[in-house]
Amino acid sequence: MGQAEWAHDLAKDLLETTLPRRWAHTQGVAARAVSLAPILGDEADTLTAAAYLHDIGYAPSLVATGFHPLDGARYLRDVYRADDTLCRLVAHHSCAVNEALERSLFAELTTEFDEERPELVEALTYCDMTTGPDGTPLTATERLAEIHSRYGPEHLVSRSITASTPCILAAVRSVEAALSARA
């Protein structure tokens with residue numbers, strides 16, 4: 001079984017029943033990851049696995065800090081001894097360092113999980129930030145607006161998304177440019 005198949009089954013087990021909307025989003029993010037195979041080559045399976053796993057930290061049984069990238073990455077590392085690349089991608093997806101700062105978890109995140117190669121981090125950010133909460137494709141601008149409307153302007157997630165917006169938009173532009181170059 002490939003990493004993506006294993007990741008699908010694990011994410012489904014953790015999210016489908018307890019968080020069905022999060023599972024729909026996850027499936028949409030994974031579909032986006034599959035669509036990047038032309039620019040990722042051999043790393044497409046790894047990105048697809050990370051797409052399935054990126055939000056497992058929301059699963060009620062995994063919540064420890066309340067910061068889903070860290071909770072998910074720790075679970076993968078500690079319970080499954082998952083590939084380091086997968087753990088780093090989950091830990092750092094969608095410019096997570098800004099939310100880590102808001103939650104006073106920056107030291108834990110960056111000490112426990114090194115950054116992954118920018119191309120893979122950008123690809124996962126693209127997949128996540130161009131997929132709505134129900135799994136449908138959105139533009140990055142629509143996705144950012146959706147997050148702000150869901151949390152409200154004063155919530156720490158909104159503040160961290162505001163800080164992350166330049167990083168997110170740069171990642172989306174980079175991936176879109178790579179896709180255009182391959183077309």
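Relevant structure appears above.
Let me sum up the structure you'll find in this document.

Definitions and limits used
Residues numbered from 1 in each chain as written. Predicted model: local features only at pLDDT ≥ 70, side-chain atom pairs only at ≥ 80, totals over all residues. Heavy atoms only, no water. Salt bridge = Lys/Arg side-chain N within 4 Å of Asp/Glu carboxyl O. Helix = DSSP H or I, 4+ residues; strand = E, 2+ residues; numbered from the N terminus. Buried < 20%, exposed > 50% of the residue type's maximum accessible area, 1.4 Å probe, protein only. Expected span 1.5 Å × (residues − 1). Arc of directions from axis to C-beta. Disulfide = S-S within 2.5 Å.

1. A look at the pattern of salt bridges
In the structure shown here, the tally under the stated rule is 12 salt bridges. Across the salt bridge formed by Glu112 and Arg77, the nearest N and O atoms sit 3.0 Å from each other. A residue pair is termed long-range when its members are at least 10 positions apart, and Glu112 in helix H8 (residues 106-112) and Arg77 in helix H5 (residues 68-80) qualify at 35 residues. Arg77 gets classed as partly exposed once you look at its relative accessible area, which sits at 27%. Among the ionic pairs, Arg143 bridges to Glu146, the shortest N-O distance being 2.8 Å. Residue Arg143 and its partner Glu146 are both found in helix H10 (residues 140-151); the two are separated by 3 residues, about one turn of the helix. Each member of the pair Arg143 and Glu146 is classed as buried. Among the charged side chains, a network of salt bridges with common partners joins Arg74, Arg77, Asp78 and Glu112.

2. Comments concerning H10
Look at H10: 17 Å from first C-alpha to last across 12 residues, which is about the 16 Å you get at 1.5 Å a residue. Within the sequence span of H10, burial applies to Ala140, Arg143, Leu144, Glu146 and Ile147. When H10 is viewed along its axis, its buried side chains cluster within an angular range of 160 degrees and face the same direction. Across from the buried face of H10, at angles greater than 90 degrees, the exposed residues are Thr141 and Ser149. Directly after H10, the chain includes Gly152, whose backbone phi takes a positive value near 85 degrees.

3. Observations concerning the state of the cysteines
The final tally for this structure, using the stated rule, is 1 disulfide. The partner cysteine of Cys95 in its disulfide is Cys167, sulfur to sulfur 2.1 Å. The sign of the S-S torsion, about -85 degrees, decides the handedness of the disulfide formed by Cys95 and Cys167: left-handed. In this pair, Cys95 sits in the loop between helix H6 (84-92) and helix H7 (96-102) while Cys167 sits in helix H11 (residues 156-182), placing the two residues 72 residues apart along the sequence. Taking relative accessible area as the criterion, Cys167 reaches 41% and is therefore assigned partly exposed. Left without a disulfide partner, Cys127 is nearest to the cysteine sulfur of Cys95, which lies 14 Å away.

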